[in-house]
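Notes for the structure review
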Amino acid sequence: TSSYELSGLENGKRYYFRVTSVDSKGVESEYSNEVSQLVHFTQPGENLVINGDFSLSDDNWSLTDYNGASSLSVVTKDGEYRIVINDGGSETWNVQLIQGNIPLVQGREYLFEFDGYAVENRIIDARIEKNGSPWNNYSKTAALYLTTQKKHFSYSFTMEEPSDFNARVSFNCGTSDVDVILDNIAVYELV
């Protein structure tokens, strides 16, 4: 068969899988490559983002420096996530904080919100998007202006594209060397 149903999986736990196949003569193949999946069961109204308040440091988040210059560092303090940027590169996506596995269902309405500020005024790009090319911006958010004062940002959107169970939250913080501070990141399905 091409599918197998698993039960008894724990919420919030990452599982690792690899498979084999068996031909009509009963000969089993070598193992496939290993893939992993984080189990994240949610009910309507629950936050689809794991550790959006950074209470577990940066668990479940990925910070990437596409400049390749190791020009980033992170400070998590008092539940805030500070991206220390030494070289922001030439594109907004040169510095990205992301979390995948965000399930979005076509036709449903969602709320994307977070707190943010910077050590000096600057622009970033925050969005809910397809986790791969063509990087569709599901949340339809545009560039936003951060000041030195902490501000709450809130955007509602309807998932207009086909359902995507592996969308991602993406904060694009390149093109500037000014540090960005984020907290209380959430995506909720509105009911």
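Above this text you will find the structure in question.
The structure contained in this document is the topic of the report that follows.

Procedures and definitions
Within any chain, residue numbers begin from 1 and follow the written order of that chain's sequence. Thresholds applied to this predicted model are a pLDDT of at least 70 for local features of residues and 80 or more for the giving and counting of side-chain atom pairs; totals over whole chains, interfaces and linings are not thresholded and use all residues. The side-chain quantities take in all heavy atoms of the structure and omit both hydrogens and water. Side-chain atoms within 4.5 Å are what join buried Ala, Val, Leu, Ile, Met, Phe, Trp, Tyr and Cys residues into a set we call a nonpolar core. The rule is simple: take the accessible area with a 1.4 Å probe, protein chains only, and divide by the maximum for that residue type; under 20% is buried, over 50% is exposed, in between is partly exposed. Each helix is a run of DSSP H or I of at least 4 residues and each strand a run of E of at least 2, with the numbering of both proceeding from the N terminus. Paired strands, as defined in this entry, are two strands with at least two bridges between them according to DSSP. Note on geometry: axes are C-alpha line fits, over the in-contact stretch for helices, and angles between N-to-C directions span 0 to 180 degrees. In summary, the pairing rule links any two rings of Phe, Tyr or Trp, Trp by its six-membered ring, whose centres are within 6.5 Å, and it sorts them by plane angle into stacked for under 30 degrees, edge-to-face for over 60 and tilted for everything else. Criterion for a charge above a ring: Arg CZ or Lys NZ at most 6 Å from the ring centre, at most 35 degrees from the ring normal.

A short note on the nonpolar core
Among the nonpolar cores identified, the biggest contains 35 residues, and Leu104, Phe112, Phe114, Val169, Phe171, Ile185 and Val187 are the most heavily contacted of them. For this core, the secondary structure elements donating two or more residues are strand 5 (80-85), strand 6 (95-104), strand 7 (109-118), strand 8 (122-129), strand 9 (143-146), strand 10 (151-158), strand 11 (164-172) and strand 12 (180-189).

Structural notes on the sheet that holds strand 11
Taking strand neighbours across the sheet as the criterion, the 5 strands line up as 3-6-11-8-9 in an open arrangement whose pairing is antiparallel. In the strand order of this sheet, the two ends are held by strand 3 (62-65) and strand 9, each with one partner. Strand-to-strand twist across the sheet, computed as the mean angle between neighbouring axes with direction ignored, equals 30°. Bridge analysis of strand 8 against strand 9 gives 4 bridges, and the strand direction is antiparallel. Paired with Ile124 across the strands is Leu144, a residue of strand 9.

Comments concerning the packing of aromatic side chains
Across all of its chains, the model carries 9 aromatic pairs by this definition. Seen from their ring centres, Phe54 and Trp61 are 5.4 Å apart, and the 35° between their planes marks the pair as tilted. Residue Phe54 is classed as buried on the basis of its relative accessible area of 3%. Of the residues examined, Trp61 reaches a relative accessible area of 10% and is grouped as buried. Seen from their ring centres, Tyr66 and Trp93 are 6.0 Å apart, and the 70° between their planes marks the pair as edge-to-face. Of the two residues, Tyr66 is situated in the loop between strand 3 and strand 4 (72-77) and Trp93 in the loop between strand 5 and strand 6; the sequence distance between them amounts to 27 residues. Site record: aromatic cluster; members linked through ring pairs are Phe112, Phe114, Phe153, Tyr155 and Phe171. The ring of Tyr31 is capped by Arg18, whose NZ or CZ atom sits 3.8 Å from the centre of that ring.

Describing the sheet that holds strand 4
Sheet architecture is open: 5 strands sit in the order 4-5-12-7-10, paired in antiparallel fashion. The sheet is open, and its two borders are formed by strand 4 and strand 10, each paired with just one other strand. For this sheet, the mean inter-axis angle between neighbouring strands, taken without regard to orientation, is 25°. In this structure, strand 5 lies alongside strand 12, joined through 3 bridges in antiparallel fashion. Residue pairing in the sheet places Tyr81 in a bridge with Leu182 of strand 12.

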